[in-house]
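# Remarks on the overall topology
Each chain is listed here by its residues.
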Amino acid sequence: MPNALSVLCVHGVGHEEADPDFKSAWIGVITDALKSWNKNLTVKVDFLDFDTLFQAAPYGGEVYAEAMAKLLASGLVHAIGDLFTRQRGLVDIPEKVRWTAGMVAQWGSDDKLRQQTRDALLSQLKQGQYDIVLAHSLGSLIAYDTFIHKPEAIQGKSFITFGSQIGNPCVRDVFAGRIENLEAATKWYHLYNPEDHVLTASIRICADNFVQVSTEFDKPNDILNHDAVYYLSHQNTKALVWREVSGVRVSRAITDTSKAFNKLAIKPNRRALLIGINDYPDPANRLEGCVNDVFLISSVLQESGICPDDIRVVLNDRATTASIMDRLHWLLDDVRPGDERVLFYSGHGAQMPAYNARSEVDHLDECLVPYDFDWTTEHAITDDQFNNLYSQLPYEASFIGIFDCCHSGGMTREGSRRVRGLTPPDDIRHRSLRWNAKLQMWEDRTLDPTNAALVGQEAYAGANRAVHRLGRALRLRSYPKKKYDKLRENLGHKGPYLPVLLEACREDQFSYEYRHGVTSYGAFTFSLAQILRSERQAGKNISFEKLASLTADRLKLLKYNQTPCIVGPSKILKHAIPWKEQK
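Described in the following lines is the structure provided in the data block. Just so it is clear, the model here is predicted, and its values are computed rather than measured. (Residues numbered from 1 in each chain as written. Predicted model: local features only at pLDDT ≥ 70, side-chain atom pairs only at ≥ 80, totals over all residues. Heavy atoms only, no water.)

Summarising burial for strand S7 (residues 270–276): 7 of the 7 residues are buried, a large majority. Residues Arg270, Ala272, Leu274 and Gly276 line one face of S7 and the alternating positions Arg271, Leu273 and Ile275 line the opposite face, and both faces are buried. Pairing geometry for S7 and strand S8 (residues 311–315), over 5 bridges, is parallel. Bridging from a neighbouring strand, Ala272 pairs with Ile311 of S8. Of the crossover connections in this fold, the one passing from S7 over helix H10 (residues 290–303) to the parallel S8 is right-handed. (Buried < 20%, exposed > 50% of the residue type's maximum accessible area, 1.4 Å probe, protein only. Helix = DSSP H or I, 4+ residues; strand = E, 2+ residues; numbered from the N terminus. Pairing = 2+ DSSP bridges. Right-handed = clockwise from strand over helix to strand, strands pointing away.)

Listed below in structure tokens is the structure:
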């Protein structure tokens, strides 16, 4: 075990530096926790002071207000809006959240300021031989930004982040849309409290030297739950983080037992989640073939070698927003290179007029429609939420999404053919309309495409340049393409992960149901399954592009006015579908 440890602390926001006791509180809890595992340990704790850099940088009320509006409108899983659903008498956004939003926005939008904070941290690191870098809130952003640009600065050190905004989707643009692991770190511990409401977020990284530690707490009389001391003194922090960094060795028996459990815990490298909803609460919105679609796709996947134990299904009234999100986490959490994931959805889709940072309706959000859908982002599976789940996947993983729905409203059309898309109620539809005084008529407003500013859209969206589409929420709007490419190069990654998406129709079309004798299916799903089976039976392992093309030909032959859409990295679309027929 080491005789001494040196810790560098990088504080967060909320004017902690103005509290004369905050440093002594940190030093006390850090020292006590380390010495509880190694009584003979000498602990030295230093702090990085960076507040003067922010005070010297230009900022203003408009910048802070814009940041707050953006964060409120972003549809984050851990949005500030969560505070308002709690009966705690909150009448305004807390001051600490305002300061955090403003300072994060100031740091994220000012290249010079970010460089200055990196330089300040690097200079401090050169002054001492630190074993641990401990970073809270905004301090974690500064530290991560430094280490992702200068990996050697964290070489051989432990990195501890807590109350952190690193994983916040609103911050990812600074890192070219992707959070990469710090491979040079001995270990990166990310302490995460889901009850922390200061713009914090979990981080989705699968790496041997990264671990997210659950540090859930609810501090009395504190609606924010962002307190640094509560994080650092949490029982899980003590049991895992402080024990390991103190150098305490685990006994051989415990190590062997852990390895045995790790072997048992290895998950299969293939998983599929299948969602089907016929029985929506409003009888006018009910469908017939979605549950049948799920069983059909499940049979095809099992014929293709995916084990029944690795397929999860959720149907009808069980397919609520919360239930679907929970299963999406099962599908997409802890994905490692080489893993294969499949998502299939059969049900209604919808487009919701959505607000920009100034609370103005300026675009449409495409979404899947859960059983409890009510035309709010709280009860929908939106493009942003979906992107948040897959954008950090390993590049070497395979994720395929298949959607038999459309996002243009409509009821029964063309006789008995039902459309799988919802028409918005009048109050929602009003957001997309404007009054033409000259004609004395209502007309559609011009709304920018959701993905009009998509970086690299030519490569990802394909020749048809589809817009408003689920799974394309790569909105690095603050970065021109050249700057974005340069940023990715500097950070050493390719940007967010891009899945393969097979969709039932183009944006301007409808997805229809089909009756196979007396049994209903989605026309797209039934055709796709038939073609995949027939090609496999003929000994052909076709590509994604070929599957989409043959499915489109089948629908056209049956006189369905829907053309399947396929998007994804062009090289992967030309590859053979990775599911091999079960022998």
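Turning to the pattern of salt bridges, a few remarks are in order. For the structure shown, the criterion picks out 14 salt bridges. Between Lys574 and Glu545 there is a salt bridge; the shortest N-O distance is 3.6 Å. One end of the pair, Lys574, is in the segment after helix H18 (570–573); the other, Glu545, is in helix H17 (residues 544–557), and 29 residues separate them in sequence. Exposure remark for Glu545: the relative accessible area of 33% places this residue in the partly exposed category. (Salt bridge = Lys/Arg side-chain N within 4 Å of Asp/Glu carboxyl O.)

One non-glycine residue, Ala176, lies in positive phi territory at about 60°. Of note in this structure, Asn225 is not a glycine but carries a positive phi near 55°.

Further remarks concern the sheet that holds strand S13 (residues 398–404). Taken in spatial order, the 6 strands make up an open sheet running S8-S7-S9-S13-S18-S21, and their pairing is mixed. Edge positions in the sheet fall to S8 and strand S21 (565–567), since each of these pairs with one other strand and no more. Strand-to-strand twist of the sheet, defined as the mean angle between neighbouring strand axes without regard to direction, takes the value 10°. The strands touched by H10 are S7, S8, strand S9 (340–346) and S13; relative to S7, the strand with the most contacts, the crossing angle is about 165°. (Axes fitted to C-alpha atoms, helices over the stretch in contact; angles between N-to-C directions. Contact = heavy atoms within 4.5 Å.)

The next point concerns the nonpolar core. Counting residues in each nonpolar core, the largest one holds 43 residues, and the members touching the most others are Trp107, Leu138, Phe147, Phe159, Phe175 and Trp188. Breaking this core down by element, the ones donating at least two residues are strand S1 (4–10), helix H4 (95–109), helix H5 (111–127), strand S3 (132–136), helix H6 (138–149) and helix H15 (481–491). Per element, the largest residue contribution to this core is 7 residues, and it comes from H6. In contact with Leu138, other than residues within four places in its own chain, are Gly12, Val13, Phe50, Phe54, Met103, Val104, Trp107 and Gln165. By size, the runner-up hydrophobic cluster in this structure holds 39 residues, among which are Ile275, Leu343, Ala350 and Cys565. (Core = buried A, V, L, I, M, F, W, Y, C linked by side-chain atoms within 4.5 Å.)

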